[in-house]
Amino acid sequence: MPNSSSVSEFLLLPFADTRELQLLHFTLFLGIYVATLLGNGLILTAVACDQHLHTPMYFFLLNLALLDLGCISSTLPKAMANALRDTKTISYQGCAAQVLFFVFFFGSEFSILTIMAYDRYVAICKPLHYGSLLGSRACAQMAAAAWGSGFLNAVLHTANTFSLPLCHGNAVDHFFCEIPQILKLSCSNAYLREFELLVFSFSLLFGSFVFIVVSYVQIFRAVLRMPSEQGKNKAFSTCLPHLAVVSLFVSTGIFAYLKPPSISSPSLDLGVSFLYSVVPPAVNPLIYSMRNQELKDALWKLIGYMLLWHQ
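None of the values given here were measured: they were computed from a predicted structure.

## Quick look at the confidence of the model for the chain
Looking at the chain, pLDDT values average 87 and 95% of them are 70 or higher. Predicted confidence for residues 1-5 stays below pLDDT 50, and this span has nine contacts to residues more than four positions away or in other chains.

## A look at unusual backbone geometry
One non-glycine residue, D86, adopts positive backbone phi at about 55°. Mapped onto the elements, D86 comes out in the loop between helix 3 (76-85) and strand 2 (89-91). What makes D86 partly exposed here is its relative accessible area of 47%.

## Details of the side chain of S273
Summarising the element assignment, S273 is placed in helix 10 (residues 266-277). The residues touching S273, leaving out its near neighbours within four places in the chain, are H174, F175 and F176.

## A short note on the nonpolar core
By size, the foremost hydrophobic cluster in this structure holds 85 residues, and its most contacted members are F10, L61, L64, L76, M116, F162 and L295. Residues in contact with L64, not counting those within four places in the same chain, are E109, I112, L113, M116, V245 and Y288.

## Points about the state of the cysteines
Between two cysteines, a covalent bond joining their sulfur atoms is known as a disulfide. Tallying each qualifying case throughout the model produces two disulfides. The disulfide that involves C95 links it to C177, with 2.0 Å between the sulfurs. Between C95 and C177 the sulfur-sulfur dihedral comes to about -120°; the bridge is accordingly left-handed. Taken together, the residues C95 in helix 4 (residues 92-125) and C177 in the loop between helix 6 (136-161) and helix 7 (179-185) connect sequence positions 82 residues apart. C177 matches C95 in its accessibility class, with the two residues each being buried. The partner cysteine of C167 in its disulfide is C187, sulfur to sulfur 1.7 Å. Taking the sign of the torsion about the S-S bond as the criterion, the disulfide between C167 and C187, at about 50°, is right-handed. With C167 in the loop between helix 6 and helix 7 and C187 in the loop between helix 7 and helix 8 (192-224), this pair connects stretches of sequence that are 20 residues apart. Side by side, C167 and C187 carry an identical accessibility label, which is buried. Disulfide connectivity for the chain, with bonded cysteines indexed by sequence position, reads 1-3, 2-4.

## A word on a nonpolar patch on the surface
The grouping of F202, I254, Y257 and L258 at the surface amounts to a nonpolar patch, some 400 Å² of accessible area in total. When residues in the nonpolar patch are grouped by element, the largest group, three residues, is from helix 9 (residues 229-258). Relative to the assigned elements, I254 resides in helix 9.

Parameters and conventions
- Residues numbered from 1 in each chain as written.
- Predicted model: local features only at pLDDT ≥ 70, side-chain atom pairs only at ≥ 80, totals over all residues.
- Heavy atoms only, no water.
- pLDDT = per-residue confidence, 0-100.
- Contact = heavy atoms within 4.5 Å.
- Helix = DSSP H or I, 4+ residues; strand = E, 2+ residues; numbered from the N terminus.
- Buried < 20%, exposed > 50% of the residue type's maximum accessible area, 1.4 Å probe, protein only.
- Core = buried A, V, L, I, M, F, W, Y, C linked by side-chain atoms within 4.5 Å.
- Disulfide = S-S within 2.5 Å.
- Patch = residues over 30% accessible without salt bridge, like charges linked within 9 Å, V, L, I, M, F, W, Y side chains within 5 Å.
- Areas by Shrake-Rupley, 256 points an atom, 1.4 Å probe, with all protein chains shown as cover.
- Salt bridge = Lys/Arg side-chain N within 4 Å of Asp/Glu carboxyl O.

Structure follows, in structure tokens:
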């Protein structure tokens, strides 16, 4: 019976068995990855270069774009490499690194989304206190807390998970290494400590989700009381993109982790894992640029500068 000391690599679940489909998946993943890098890279550059976007809301959006890049980069490049090389292995150390970075970016992103909900709540419900509650120092501290807590959480989970003895082989039923899949390979009486830590982490995530919901209840009540139609439209244009991103993030995560076992299958699990790990980072730039006129103007200005520079 294998244990963690004898496992030097893990076997990831491939998206296809035939060489033609593997190359097709590689091309599709490459297109998604390049589009994600381009979309989030444009947002990062626009926010950094445009003085009009040097506000708390866009500062947190910049952090979100960075985390999106990290989240997709922790999973998709390895899947692309495996599809191109016709292999499905990942080293033990590579698997641990993948878990560490995915949990880090995933957890930090939800913290940033929670802070962004607070930013919108203060901007709309307490506008007179916006400058004092969300000054540059406070924003930097909140962002640092999100990144720091995400990293600490990731280190604890990764160290705990990979200290468990493995008794059920080395085949991971996902296209990337993930804690629940590693726990399935561990000995039946050894994973309780990590399970307790997972319950604690999910409790914190649920608390953040409740905070977001309560914040938006207050926001919508305040917006609906606004006498000006223009004021309502401006408020909705800054809130709806964030709400759409949160909804996508939470709904895909809930379906991935809480779907009934009766409908579970390797192909469905593979699709769902792709949905919540790849789709949100890829579409978040599109969601934010569709309704936000300030961001759209900054992006078009940036694209114009780039085209002039290349001429």
